[in-house]
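Overview (structure and organization)
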Amino acid sequence: LVTTKGKIIDKLTVLSFGGDKGSSLEAYLMTSPGHQGSMLFDRLDPFIFPLDGVKLVDMCPSSAPSSSSSSSSRVFTVVATKIENVQSSIQQNVLPILNKWGLDCQSLVFPEKGSGECVRYLATNYKNEKMEFVLLEQTFL
C-alpha cells in the first residue's frame, strides 16, 4: 500500500480463495493495525470500477458502539524458528479450544511447508455459530 508519491504505507497480505468451477473469487487483505477499514477503502476506491463486481467489506469492524456489524474477527500470529513448532503449538493449544467451541477439527491439514498456500476452514458449531479459520505460512512480521 503506497501513497500517490510512492511512499510505502503498509505491506498487505492478500489471501485468495475460490474462482474455479464457477465459484466467485474471494480475497482478503490483511493489513497492519491502523490501516484497515475506511482508510484502506478510501485508498482502493479510485481503482475499483462498478462493473468489476468488487465489494469491500470490513471484516474487523470498529468495536465502537456505532458499529452496526454483529461479526467479529481476530487475527493471531504464532512465531517460531521452525514451522513444525508452530504446527505443534496450534495442535496443542488452539485446536482443543476450537473443539470445546463445538468445531470438529479432525480434518485440519496444514499448508505444505514452503508452498505459499493458505488453507481455509469454514465451520458451524452446534449453536449455529459460524467460524472461519485460515492458516498460512508467512516469512515476515
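**Description of the confidence of the model for the protein**
- Scored by pLDDT, the protein has a mean of 75; 82% of the residues are at 70 or more.
- Element-level pLDDT for the protein is lowest in strand β3 (residues 118–124), with a mean of 76, against a maximum mean of 84 in helix α2 (residues 83–100).
- Taken together, the stretch residues 64–69 has pLDDT below 50 and engages in 3 contacts with residues farther than four places along the chain or on a different chain.

**What to know about the nonpolar core**
- Counting 11 residues, the largest nonpolar core is built from V86, I90, V94, L95, L98, L103, C105, L108, F110, F133 and L135.
- Where this core is concerned, the elements lending two or more residues are α2 and β4 (130–136).
- Here the element with the most residues in this core is α2; it accounts for 5 residues.
- When residues no more than four places from it in sequence are discounted, the contact partners of F133 are F76, V94, L98, L108, V119, R120 and Y121.

Cut-off values and rules
- Residues numbered from 1 in each chain as written.
- Predicted model: local features only at pLDDT ≥ 70, side-chain atom pairs only at ≥ 80, totals over all residues.
- Heavy atoms only, no water.
- pLDDT = per-residue confidence, 0-100.
- Helix = DSSP H or I, 4+ residues; strand = E, 2+ residues; numbered from the N terminus.
- Contact = heavy atoms within 4.5 Å.
- Core = buried A, V, L, I, M, F, W, Y, C linked by side-chain atoms within 4.5 Å.
- Buried < 20%, exposed > 50% of the residue type's maximum accessible area, 1.4 Å probe, protein only.

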